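# Coordinates in review
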Amino acid sequence: MFCLKVYQIAEWLINMDSAKVIRKSVAFLAVLSGFLCSPPLNYAGGIVSVAGAYVYAGMWGLENRGERFVLPVDVAVAPNGNVYVLDMFEDCVKYYSAEGEFLDMWGEDEGAYFLNPTGIAVAPNGDVYVADDAIKRFSAEGAFKGRWLVPGSAKDVDVAPDGTVYVAVYYGARVDYFTPEGERKGTWGGEGSADGLFSKPRALAVAPNGNVYVIDSGNGRFQYFDREGRFLGKWGDDPFPKGSICGYDSLAVGLDGTVYVTNIYQNNVERFSPVGDSLGQWGWEPEHAEQILRVTSDGSYWGVWGPEGAPDGYFKNPGGIDVAADGNVYVADVYDYRVQYFSAEGQFLGKWGSDGRGETQLYHPKDIDVAPDGTLYVADSSNNRVMHYTPTGEYLDGIDWGRFEDRRKTGPADVAVTQDGAFYVGYFEDGQIFHYSEGRSIIRRWGYRGHEFGPLWVSGLDISPNGNLYAVDTRRASIQYFSGTGSFLGEWDSSRGGGREFPSPGDIALAPDGNIYVADSGNHRIQHFSSEGKFLGKWGSVGAGDSCFAYPAGLTVAPNGNVFVADTGNHRVQYFTADGVFLGEFGSRGHGDGELYLPEGLAVGLDGTVYVADTGNDRIQYFRPVK
């Protein structure tokens, strides 16, 4: 089950076509591999109070998780009309009234904790069943009532009118059925393409008369059976080659026996008679993504709930973050295709951007950098360009000057601006660094993929006070540095030994004194170097204690030299002296004020306020030192 979830998330990351996200996905997927199959690392008491501690000061973004869905994969309606939605990405169940009023959610308490939930059903008595690493049973309000294992990966679940629980076993190529308490009553199926056999049964539904309908996805067809598994009929062999994975994803049966099926490839819902005759179809436009739609039996629109559009101050996977000299905070709102900016207290001030390639349009903006003159540079990654705006989002220049005459370049991974207004752009897959003048002309470029010097996969850039440029090379797991004119000055990597191996460097930050800190994500530690790459020290190991990490994905250095680390897998921020002495931590796994979920980006204002891209919660939180 875990492998399925990693595959789905990896596919999502790849489709983003973003170097910066690919860089951070190394840590993210590692977090999943380390923690989805075991209880999460938690910290009792939320924010830790120590000398010099930071306390929660505010947040902005989506405050009520019930108002949004990240990856809703199944929905079920109870006899009283309440609607239960299974959000696989957030590993929880949310339930609503028939009109869409949010009532409650569960999925993070002991017993109710989900690993990879894929199906949900409600019994006639109101009990809720979830197909996860096991079949889990809850009361209508989410009280845990029991679980039982189903070898072969339980993919979907439904409950018959008499309370019998049916389970589609994906890798077991069968259907199992149980009493409400989990006692096995029988099974049918097996691997094959003959009538009554299956290949990767993806979903099932029980009709009011007790018949069971199954999406036999590997065979590209539907089969239906009586309540004890006797084969009754099939349809759908012809449209799909045998052995292919069809686009039909889930199904339900109406009171009149009509079968409703979602087709994820066609983005529509199809209707069939109880014996498979086509009755029509309807589809939905992209603006209804991540919403729950309420329709009549013939597909007429009835209502909707969930996030409509992108409200001001809300985020969908916030990425890069930077603080301007006046204290305003700028956030690259990746999946809302825009930049938003706020006061230091989180008051919404403005935004710009929408999905497209126009002057004020963006497509997966991944990073943002505030120049000394206050203007902003945005790494518009999936548009393969860098855009330049005023502090309020007025377009200055930049359209297509990420592509230029060289069509080889892919999306920019990072951008760094010098004091004189020139800037550097690092590209991930093409392994190049471009240096541009303030007037946007190319001064020089270096580092084609395969050349002796220069990065292969640029994933991060930073400029030292003396003007040298440092780049994280993800593929060779090294740090390379150059003069401001592009001359290769040095590199350090795994071949050097001495404790400075980087299996997957995550981020780089330069201190005011020119020293360099690297988030060595794969080794769960921070490494410290001089500006010439001399190894100065390291700290950290895998774990949840002080100075321990779980795939740290980001870090930054405060004006006073303290080092702040986004301890991503531990859902917290830790901070240290310049030499790595532990000073404190804040945050814990959760979704309330001051709690974090897979934090990645960090920035520190001149007043010491720490801004955290609380990526898994789709929001920004800020913390201030205790006075």
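Residues numbered from 1 in each chain as written. Predicted model: local features only at pLDDT ≥ 70, side-chain atom pairs only at ≥ 80, totals over all residues. Heavy atoms only, no water.

Here the focus is the environment of Asn 523. Considering the arrangement of structural elements, one finds Asn 523 in the loop between strand S41 (516-520) and strand S42 (525-529). Exposure remark for Asn 523: the relative accessible area of 28% places this residue in the partly exposed category. Residues Asn 523 and Val 542, 19 residues apart in the sequence, show an inter-C-alpha distance of 7.4 Å. (Helix = DSSP H or I, 4+ residues; strand = E, 2+ residues; numbered from the N terminus. Buried < 20%, exposed > 50% of the residue type's maximum accessible area, 1.4 Å probe, protein only.)

Another aspect to go through is the environment of Asn 328. Mapped onto the elements, Asn 328 comes out in the loop between strand S24 (318-323) and strand S25 (329-333). Since its relative accessible area comes to 15%, Asn 328 is described here as buried. The sequence separation of Asn 328 and Glu 345 amounts to 17 residues, and the corresponding C-alpha distance is 8.8 Å. Once residues lying within four places of it in the same chain are set aside, the contact partners of Asn 328 are Asp 322, Val 323, Phe 342, Ser 343 and Leu 349. (Contact = heavy atoms within 4.5 Å.)

Looking now at unusual backbone geometry. Trans is the common state for peptide bonds, and a negative phi is the common state for residues other than glycine. A positive phi is found at His 364, a non-glycine position, where the angle reads about 60°. By secondary structure assignment, the location of His 364 is in the loop between strand S27 (348-352) and strand S28 (365-370). Judged by relative accessible area, which is 3%, His 364 ranks as buried. Even without a glycine there, the phi angle at Ser 547 is positive, about 65°. Considering the arrangement of structural elements, one finds Ser 547 in the loop between strand S43 (535-539) and strand S44 (554-557).

Next up on the list: the side chain of Ser 530. One can find Ser 530 in the loop between S42 and S43. Leaving out residues up to four positions away in the same chain, Ser 530 has contacts with Trp 492, Asn 515, Ile 516 and Leu 536.

The four strands lie next to each other as S14-S15-S16-S17, forming an open sheet whose pairing is antiparallel. Looking at strand neighbours, the two that pair on one side only are strand S14 (201-206) and strand S17 (231-235), the edges of this open sheet. The sheet shows a mean angle of 20° between the axes of neighbouring strands, direction not considered. Of the pairings in the sheet, the one linking strand S16 (residues 221-225) to S17 comprises four bridges and is antiparallel in character. Within S17, the position partnered with Phe 225 by the bridge is Phe 231. (Pairing = 2+ DSSP bridges. Axes fitted to C-alpha atoms, helices over the stretch in contact; angles between N-to-C directions.)

Take the confidence of the model for the protein next. Taken residue by residue, the protein gives an average pLDDT of 75. The fraction at 70 or more is 72%. Element-level pLDDT for the protein is lowest in helix H1 (residues 2-15), with a mean of 33, against a maximum mean of 97 in strand S12 (residues 174-178). Contacts from residues 494-500, a stretch scored under 50 in pLDDT, to residues over four places away or in other chains number 17 contacts. (pLDDT = per-residue confidence, 0-100.)

Turning to the pairing of strand S38 (residues 478-482), a few remarks are in order. With respect to burial, S38 is a largely interior element, five of its five residues being buried. As defined by bridge partners, strand S37 (residues 469-473) adjoins S38 across five bridges and the pair is classed as antiparallel. Note that in S38 the partner of Val 472 across the bridge is Ile 479.

A separate point is the pattern of salt bridges. All told, the structure shown has 18 salt bridges when counted by the stated rule. A salt bridge links Asp 333 to Arg 338, with the nearest nitrogen and oxygen atoms 2.9 Å apart. You can call Arg 338 buried: its relative accessible area is 3%. Glu 585 serves as the salt-bridge partner of Arg 572, at 2.9 Å between the closest nitrogen and oxygen. Highlighted residues: Arg 572 in strand S46 (residues 572-576) and Glu 585 in strand S47 (residues 582-586), separated in sequence by 13 residues. (Salt bridge = Lys/Arg side-chain N within 4 Å of Asp/Glu carboxyl O.)

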